[in-house]
Each structure stands twice: as structure tokens, then as C-alpha cells.
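Architecture at a glance
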Amino acid sequence: MAKATSAAALQPPAHSNEIKVSFPQDHVMLLTFNRPKSLNAVTPTMTDDIKAVLDWFDDEPSLWIVIITGEGRAFCAGADLIEWNKRQAGGGAEEDQKRIIRDLDGFASISRRYTSSKPIIAAVNGGAYGGGVEIILNCDLVIASEDAMLALPEVKRGVVAVQGGMPRLSRIAGHQLASEMLLLGRPITAKDAATRFGFVNKVVPKTEVLSTALAWAAEIAQNSPDAVQSTKRALLLATRNGSVEDAVVAHVNSKESKRAFTSENIQEGLRAFTEKRKPAWKNPAKL
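Below or above, wherever it landed, is the structure these notes cover. (Residues numbered from 1 in each chain as written. Predicted model: local features only at pLDDT ≥ 70, side-chain atom pairs only at ≥ 80, totals over all residues. Heavy atoms only, no water.)

1. Quick word on the pairing of strand 3 (residues 65-70)
Formally: To sort residues, take the accessible area from a 1.4 Å probe on protein chains only and compare it with the maximum for the residue type: under 20% means buried, over 50% means exposed, and anything in between is partly exposed. What counts as a helix is a DSSP run of H or I of at least four residues, what counts as a strand is a run of E of at least two, and both are numbered from the N terminus. For two strands to be treated as a pair, DSSP must find at least two bridges joining them. Assignment of crossover handedness uses the view with strands pointing away from the viewer, where a clockwise path from the first strand over the helix to the second indicates a right-handed crossover.
Burial runs high along strand 3: six of the six residues are buried. Two strands pair when backbone bridges link them, and strand 2 (residues 28-33) and strand 3 are joined in this way by six bridges, in the parallel orientation. Bridge assignment links Met29 to a residue of strand 3, and that residue is Val66. Where the polypeptide runs from strand 2 across helix 1 (residues 44-59) and back to strand 3, its parallel neighbour, the crossover connection is right-handed. Of the strand pairs in this sheet, strand 3 and strand 5 (residues 120-124) are connected by three bridges, and their pairing is parallel. Considered in strand 5, the bridge of Val66 is made with Ile120.

2. A short note on the pattern of salt bridges
Pairing of side chains with opposite charge becomes possible as their charged atoms draw close. Formally: Salt bridge criterion: a side-chain nitrogen from Lys or Arg within 4 Å of a carboxyl oxygen from Asp or Glu.
With the rule as written, the count across this model stands at 17 salt bridges. Asp55 is paired through a salt bridge with Lys51; the nearest N and O atoms lie 3.0 Å apart. With Asp55 and Lys51 both in helix 1 and four residues apart, this pair spans about one turn of that helix. Look at Asp55 and you get partly exposed, because its relative accessible area is 32%. In this structure Lys51 comes out as partly exposed when scored by relative accessible area, which is 38%. With a shortest N-O distance of 3.3 Å, Asp105 and Arg113 are connected by a salt bridge. Owing to a relative accessible area of 12%, Asp105 belongs among the buried residues under this scheme.

3. Considerations on the sheet that holds strand 1 (residues 19-25)
Let me state the cut-off plainly: Interaxial angle, 0 to 180 degrees, is taken between N-to-C directions of lines fitted to C-alpha atoms, where a helix line uses only the stretch in contact.
The sheet built from six strands is open, its strands ordered 1-2-3-5-7-10 with mixed pairing. The sheet is open, and its two edges are formed by strand 1 and strand 10 (202-204), each paired on a single side. Each strand axis lies, on average, 20° off the axis of its neighbour in the sheet, ignoring direction. In the sheet, strand 7 (residues 141-145) pairs with strand 10 via three bridges, with the strands oriented parallel. Residue pairing across strands places Ile143 opposite Lys202, the latter belonging to strand 10.

4. A few points about the sheet that holds strand 9 (residues 188-189)
With mixed pairing, the four strands of this open sheet are ordered in space as 4-6-8-9. Each end of this open sheet is capped by a strand with a single partner; those strands are strand 4 (74-76) and strand 9. Alignment of strand 6 (residues 127-129) against strand 8 (residues 149-151), held across two bridges, turns out to be parallel. Bridge pairing in strand 8 places Ala128 opposite Leu150.

5. With respect to the packing of helix 9 (residues 225-238) against helix 10 (residues 244-252)
We apply this condition: Here the angle decides the label: under 35 degrees means roughly parallel, over 145 means roughly antiparallel, 65 to 115 means roughly perpendicular, and every other value means oblique. By convention, the crossing between two helices is left-handed when the near helix turns anticlockwise from the far helix through less than a right angle, and right-handed when the turn is clockwise. Contact between two residues is taken to exist if any of their heavy atoms lie within 4.5 Å; hydrogens are not considered. When residues are sorted by character, Ala, Val, Leu, Ile, Met, Phe, Trp, Tyr, Cys and Pro go into the nonpolar class, Asp, Glu, Lys and Arg into the charged class, and all the rest, Gly among them, into the polar class.
The contact between helix 9 and helix 10 brings their axes to 9 Å, and the two run at 140°. Taken together, helix 9 and helix 10 sit at an angle that is classed as oblique. As helix 9 packs across helix 10, the resulting crossing turns out to be right-handed. Across from Ser230, Arg233, Ala234, Leu237 and Ala238 in helix 9, the residues of helix 10 making contact are Ala247, Ala250 and His251. Of the residues assigned to the contact of helix 9 with helix 10, the class counts are five nonpolar, two polar and one charged.

6. Examining the pairing of strand 5
Most of strand 5 is tucked away: five of the five residues are buried. Side chains Ile120, Ala122 and Val124 project from strand 5 onto one buried face, and the interleaved Ile121 and Ala123 project onto a second face that is buried too. Pairing of strand 5 with strand 7, which is carried by four bridges, proceeds in the parallel orientation. Looking at strand 7, one finds that Val124 is bridged to Ala144.

7. Let's talk about the environment of Val249
The topology assignment puts Val249 in helix 10. Classification of Val249 as partly exposed rests on a relative accessible area of 43%. Sequence separation between Val249 and Leu210 is 39 residues, and the spatial gap between their C-alpha atoms is 37 Å.

8. What to know about the state of the cysteines
Joining two cysteines, a disulfide is a covalent bond between their sulfur atoms. The criterion, for reference: By definition, disulfides here are pairs of cysteine sulfur atoms that lie within 2.5 Å.
Scanning the model with the defined rule gives zero disulfides in all. For Cys76, which is in no disulfide, the shortest distance to another cysteine sulfur is to Cys139 and amounts to 11 Å. Overall, Cys139 belongs to the buried group, its relative accessible area being 10%.

9. Brief notes about the packing of helix 5 (residues 165-173) against helix 6 (residues 175-184)
Between helix 5 and helix 6, the shortest axis-to-axis distance is 7 Å and the interhelical angle comes to 135°. When the axis of helix 5 is compared with that of helix 6, the two are oblique. Note on packing geometry: the crossing formed by helix 5 with helix 6 is right-handed. Between helix 5 and helix 6, the residues in contact are Met166, Leu169, Ser170 and Ala173 and His175, Leu177, Ala178, Met181 and Leu182, respectively.

Structure, rendered in C-alpha cells:
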């Protein structure tokens, strides 16, 4: 594996105390929502902080995987409805709609984030509601606490899950199950999210959520980062292309695929196989 840049040498952008950023193991960034008294409801400041940090993460070659979790008993309670009420009362509805279209990364700069080809793991330590679930639905892997309750309750408050949650859930779970969650607005268990709705990979005791996510990140980091990022790009393109053939062609033409085919890591992986040893991966070249 590539020699990791030391955590002390990594300098993420300055940010408020509404998020925490750390580097718990080689090639891994941990991003923690840090408003536990408000169940990690997302504010505009948080969104700006998250965008700056994730944009920096995407551009840092030594970081290959990000884990997202919440401080305290909740993962993320979604939007700050008190602030939303103030905007609505002040006639901000039209601006809200424009902002949704303008902010391509979606809720908390995560729910519609498409540009990143690096894996995102959600470590769902507790409840997730509204935008919190929309965040989860755009993560690549989801580890959830066995006591976590998950809901898209927007209709109960007169609002709509417009930040990517509806089409993603429909594609993952199918129309009827998506309708059950979206139209009833009632919470589901992490177990149901895994076994019925299909958007949680693994359910574990609360005390094992982060350690499991870190273990999965370490396993990903044993693989070629060029190949991993090219593979994620293919998965993202599959959601935007109507046919398998269109998705294949779009992927082969992608920057990630071209890099993977010409990188030192493809040569290293094949050479290591013939020499019957573990490959020593290098950080990917910047795209």
C-alpha cells in the first residue's frame, strides 16, 4: 500500500465547530456532524463547511475513502426546520427552489454529490431523518446501528424530500416500498432498511458502527485506488445512462477509467500477481 501522508501533514480547510474532521487510519478521512444538541440538524454553515472539506478531500491524492458519522445519539436529523420556517415566513420559497437547482451537491453538500469518485461510507450511529436519510442514500456503503430509526417524514411537515432521496429510493427499493416510506412518512428500523428497502449494507450494535466502517475502509484501501475510483465512476454512470452499452462506453471514456488503464498501479497489480506478492499501491495521479 502507498505510504500514507501523516495526519499532521494533512491540512483540511478551516471550518466551524459544527463539523469535526480527523484521519483515523491510512488513506481515510472521518467527517463527523457535530451539533449533537440539535441531533446534527444541518445549518447553512455546516453545508458550507462540508462542501469545502469534501472538495479538498476529493483533490487530496493520499485520501482514498471518507467515513461520515454523527456526534451523539443521532446521525442527522435533516434540515433545521426552525430556520426553514423563518425563511418560509419571510417569503423565501422561490429562492429555496432556485438554490436546490443551483447547489448541485444537494443537501449538506452530500445528497446529490456526483463529482467524487472516492468511496463514501455512512456510519449511521443513530437516527436519521429527512435530509439525513437522503445523505445515506447517496453513500456507497452504509453501516447502521441496530437501534437506529430512519425516516423520510417530510410530508408530515408539508415539505418534500427533493434533494435526491425520492429517485434514489425508488431505484433502490422499487416504487411500492419507496411509496411506503415517502407517503406514510413513518420511521423504519435499520434492519428493515437492510432487508426490505435495501439501502443499508450491515446492521451492527451501536458500539461497533464506527469500528466496522473503519474495517471496511481498511479493506477497500487494500485495493488499487485507481481501480476503486474507476469502479465507483462506472456505478455512478450506470444511474445516468439508459443502457448497459451506453454506461460502458461512458465509463471507458471517463477520466477515472483512462487513468486506471495507464497508471503505475495497474502495472503493479499485474506484476504483483505474477510474482505472488501483495501489491504496493501508489496514490493516484490527480485528474
